[in-house]
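# Examination of the molecular architecture
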Amino acid sequence: MTPGADDDYLEQVRQDIRAEAKVLGERPMLARAQTTPGDADGIERARLSYALRELTDPQYLAFVECAFRALLKRRPTADETTGQLRLLGAGTAKTEILGNLRWSGEGRRIGARVRGLPSRYLLAKAARIPLLGHLLRAGMALAGLPFLARQQRALETLAAAGRHEAQESRRALDAGIGELQAHTTSLAAALRQSEADFDTRAQQFQAHGESLDDAVRATELALRRRIEALEATPLGRQEHWISELDYLRQRTYAVGEWFSRLERTLGEIETLTSKRAAADAPRAARAAEAALRRDGARATRNGAWATLFAEQLQPGARVLALASGADWLELLALRGLDAGGADLLPAMDTLRRCNDGSMDGVAVLALPLLARTTPVLELLAQAARVLRPGGALLLADAPEPDQLIEILRGTAGTGIPFDLLECALAASGFEAIARIDSADGRAALLAHRAAA
Amino acid sequence: MPTMHSAVAAVHGSDVRPDGLATIAANLALLARWQARAACWLVAGDLRTGLPHDLLEAFELYLARCEADARLIVLATGAHEPPQALADALQACAASAQIELHAAQPAVLKAALLAADALILSDAASDPAVTLAALELGVPVIGSAAAATAALTGAAALLWPGATPALLAASMERVRQDARLRGILRERGFSDWNLRRTASEPPA
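Residues numbered from 1 in each chain as written. Chains lettered and ligands numbered in written order. Predicted model: local features only at pLDDT ≥ 70, side-chain atom pairs only at ≥ 80, totals over all residues. Heavy atoms only, no water.

### Brief notes about the interface of chain A and chain B
Rules: Any two residues having at least one pair of non-hydrogen atoms within 4.5 Å are treated as being in contact. Put simply, buried area is the surface a 1.4 Å probe can reach on two separate parts but cannot reach once they are joined, added for both. For this document, the term salt bridge refers to a Lys or Arg side-chain nitrogen within 4 Å of an Asp or Glu carboxyl oxygen. Numbering of helices and strands starts at the N terminus; helices are DSSP runs of H or I of at least 4 residues and strands are runs of E of at least 2. Each residue gets one of three labels, nonpolar for Ala, Val, Leu, Ile, Met, Phe, Trp, Tyr, Cys and Pro, charged for Asp, Glu, Lys and Arg, and polar for the others, Gly among them.
Tallying the contact residues gives 33 residues for chain A and 37 residues for chain B. With both sides pooled, the region where chain A packs onto chain B buries about 3000 Å², and carbon together with sulfur makes up 56% of that total. Joining chain A to chain B, the criterion identifies 4 salt bridges. Taking the shortest distance from any N to any O, the salt bridge between Arg 102 of chain A and Glu 81 of chain B comes out at 3.4 Å. Elements that contribute at least two residues to the side of chain A that touches chain B include exactly helix H1 (3-24) and helix H6 (105-110) of chain A. The dominant element in the side of chain A that touches chain B, judged by the number of residues it contributes, is H1 of chain A, at 14 residues. Taken together, the residues that form the side of chain A that touches chain B break down as 17 nonpolar, 3 polar and 13 charged.

So, in structure tokens, the structure goes:
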């Protein structure tokens, strides 16, 4: 890269940075970084400031661990732990141990600050000066007498609590040991029983194995004799094949008989199913009728849809109504439409038989009823074919009688997402697609066949 | 023109050898910690009372809009221990968890320069010796033009007259993302430092 090119690039960079600086504040705020208190090993390496009590409050092993983690940013080795514990045991002040760590070569490099430590450390060190130190310690002990008395009381309480806790632990331990012993005894008994069972089983297996062995030997012997006998006579081989063919023929007859029985059984199952369905039908119809009577919103819902549908068409327009009750045809007729319907079974056949562009409108009230046997895309394609350009299509998810019956018989189709249906309509040559859901939340769509 | 030797020696006293930081071992513990994936920015200077406002704002803006887990190393020069007032001020700021304060001892400075994405200069936070050391080690230098004269950095730094926090933050982001820019600044830094070293050598 030449210096000239570099200069040009730097100038470009400067312009970019100026532009970026202007809009930097408009960028979305980033989530704050997780400021975990420490690294994976729990050591707060970025932290360099501590209060003295944070380091002096922990006791014994925890104190040593805490001091090393804070001041040297690492864990103590086993030797270091032992050494520091020995110092503590010898009555060395915690502040002195902390100071030794902080102002060691390693501690200086890290440079952690402990508020209040320098003065305490200085005092602790001064207390080690032969004569002056003795006086200093005596003075400090005198000054600290009230504090020491309070601490002693606290220690007595702590010791009592510790003793109590130890006794409780021992009791729990004794109970645990007793339970363990009981378990061990029962396990040993179970083991002895298992061993005995195992021996019995092993003997049985051995006996079975021996008898199986005998049987195999006998079969083998019989086969060998048969082969020898067959080979001994010249016609033996021919007779042997004849007998084998007989055997095969018998087997074939047996298989044929078995298939025949299977067919009969399947037929019986089918008959029974039909009978059961026939027995269910009146009950399902009664239940559907009762449900319709309870559906107080049905008249309003179907009436509103019929009005909307009729508004899309001229009076006397030819309309094919599918998957709906007989009353729906009446509602359409009342609104001046020439409505004809189809029974449930031939609904799709009726639609398929209609001529191209022969209908002004098609209305499917219980769409899932048709969708359980016919793919929705095929239904839409047939509707688009049958409708004249501009003709209206109404699709609804209404609980019409036949749909209710199918639900009760467990053969109802699955629900259709109407959002998806909108897209399917658009893809099938319909336009002006509008949701006309009823007031009680039943989904419905009105669409027009696109002009050719 | 300040020479490399005089500038470095002025700050670090007799600890630093005349040939700069190149032969001094870095503090490896710190280097290992700072050489992470997140950006690491370096500020150094005789900071007695706190980090300059513009620099702190720039870093906070960078954290908020560019890279949330970036870190800032602050090296206090001129003393063996960082000033207490500076430590307290940094502790009190919103981004304190991502700011690390140290005295600019040679091994620490070397580790910081090796780990930093760039040295950031501000009017109130700059140190000629550290700037030269950054050039010596190929660390990009960005910041306020008033903090480093052209005589000190030549064309080896990305400096802004009247640098605002937004300009500084945008510069930091660009340096972090633009390898070519880093390469140009590094090359210019090396050649500038070599020129300076030649000039500072006593005549034969």
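### Considering a nonpolar patch on the surface
The condition that has to hold: A residue counts toward a patch only above 30% relative accessible area and without a salt bridge, and it is joined to like-charged neighbours within 9 Å or, for Val, Leu, Ile, Met, Phe, Trp and Tyr, to nonpolar neighbours within 5 Å. What sets the accessible areas is the Shrake-Rupley method with a 1.4 Å probe; for residues, cover comes only from the shown protein chains.
Residues Val 255, Trp 258, Phe 259, Leu 262, Leu 266 and Ile 269 of chain A make up a contiguous nonpolar surface patch of about 600 Å² in total accessible area. With respect to the helices and strands, Ile 269 of chain A occurs in helix H10 (residues 236-294).

### Quick look at the pairing of strand S5 (residues 359-364) of chain A
Residues and elements named next belong to chain A. Rule in force here: Whether a residue is buried, partly exposed or exposed follows from its accessible area with a 1.4 Å probe, protein chains only, as a fraction of its type maximum: under 20%, in between, or over 50%, in that order. A pair of strands is considered paired only if DSSP assigns at least 2 bridges between the two.
Taking burial as the measure, the 6 residues of S5 include 6 buried ones, the bulk of the element. Pairing of strand S3 (residues 318-322) with S5 involves 4 bridges; the strand directions are parallel. Residue pairing for S5: Leu 320 is matched across the bridge by Val 362.

### Considerations on the packing of helix H4 (residues 78-89) of chain A against helix H5 (residues 94-102) of chain A
All names here are of chain A. Note the cut-off: Here an angle of 0 to 180 degrees is reported between the N-to-C directions of two axes, which are lines fitted to C-alpha atoms, with helices fitted over the stretch in contact. What makes a crossing left-handed is the near helix being turned counterclockwise from the far one by less than a right angle; a clockwise turn instead makes it right-handed.
Close contact between H4 and H5 brings their axes to 10 Å; oriented N to C, the two are set at 150 degrees. As for how H4 packs across H5, the hand of that crossing is right-handed. The segment H4 lies against H5, with Gln 84, Leu 87 and Leu 88 engaging Lys 94, Ile 97 and Leu 101. A breakdown of the residues in the contact of H4 with H5 according to their chemical character gives 4 nonpolar, 1 polar and 1 charged.

### Some details on the pattern of salt bridges
All names here are of chain A. If you walk through the whole model with that rule in mind, you get 28 salt bridges over all chains. Measuring nitrogen to oxygen at the nearest pair gives 2.8 Å for the salt bridge that ties Arg 74 to Glu 80. On the basis of relative accessible area, Arg 74 is assigned to the partly exposed category, the value being 22%. A salt bridge links Lys 125 to Glu 96, with the shortest nitrogen-to-oxygen separation between them at 3.8 Å. Taken as a pair, Lys 125 in helix H7 (residues 117-126) and Glu 96 in helix H5 lie far apart in primary sequence, 29 residues in all. Residue class for Lys 125 comes out partly exposed when judged on its relative accessible area of 35%. Under the relative-accessibility criterion, Glu 96 is labelled buried at 6%.

### Structural notes on the sheet that holds strand S6 (residues 157-160) of chain B
All names here are of chain B. The strand order across the open sheet formed by 6 strands is S3-S2-S1-S4-S5-S6, and the pairing between neighbours is parallel. Each having just a single partner strand, strand S3 (99-103) and S6 make up the two edges of the open sheet. This sheet shows a mean twist of 20 degrees between the axes of neighbouring strands, independent of strand direction. Note that strand S2 (residues 71-76) and S3 share 5 bridges and pair parallel. By the bridge assignment for S3, Ile 73 is matched with Glu 100. Packing against the sheet, helix H6 (residues 128-136) makes contact with strand S1 (40-45), strand S4 (118-121) and strand S5 (141-144), and its axis sits at approximately 155 degrees to S4.

### Side note on the side chain of Arg 71 of chain B
All names here are of chain B. In plain terms, the rule: Positive: Lys, Arg. Negative: Asp, Glu. His and the chain ends are not part of the count. Whenever a nitrogen or oxygen atom comes within 3.5 Å of another N or O atom, the pair is scored as a polar contact, on the condition that within protein one atom can donate a hydrogen and the other can accept it, and that pairs from neighbouring residues in sequence are kept only if both atoms are in side chains.
Along the chain, Arg 71 turns up in strand S2. Although buried, Arg 71 forms no salt bridge, and the nearest oppositely charged side chain, Glu 100, lies 6.1 Å from it. At 3.1 Å, the side chain of Arg 71 and the backbone oxygen of Ala 38 are in polar contact.

### Considerations on the side chain of Gln 98 of chain B
With respect to the element layout, Gln 98 of chain B can be found in the loop between helix H4 (84-92) and S3. Separated by 3.1 Å, the side chain of Gln 98 of chain B and the backbone oxygen of Ala 70 of chain B make a polar contact.

### Some points on helix H8 (residues 165-177) of chain B
Condition: Here the expected length of a helix is defined as 1.5 Å per residue gap, with one fewer gap than residues.
Across its 13 residues, H8 of chain B extends 18 Å between first and last C-alpha, which sits within 8% of the 18 Å expected from 1.5 Å per residue. By the criterion of burial, H8 of chain B is predominantly enclosed, with 11 of the 13 residues buried.

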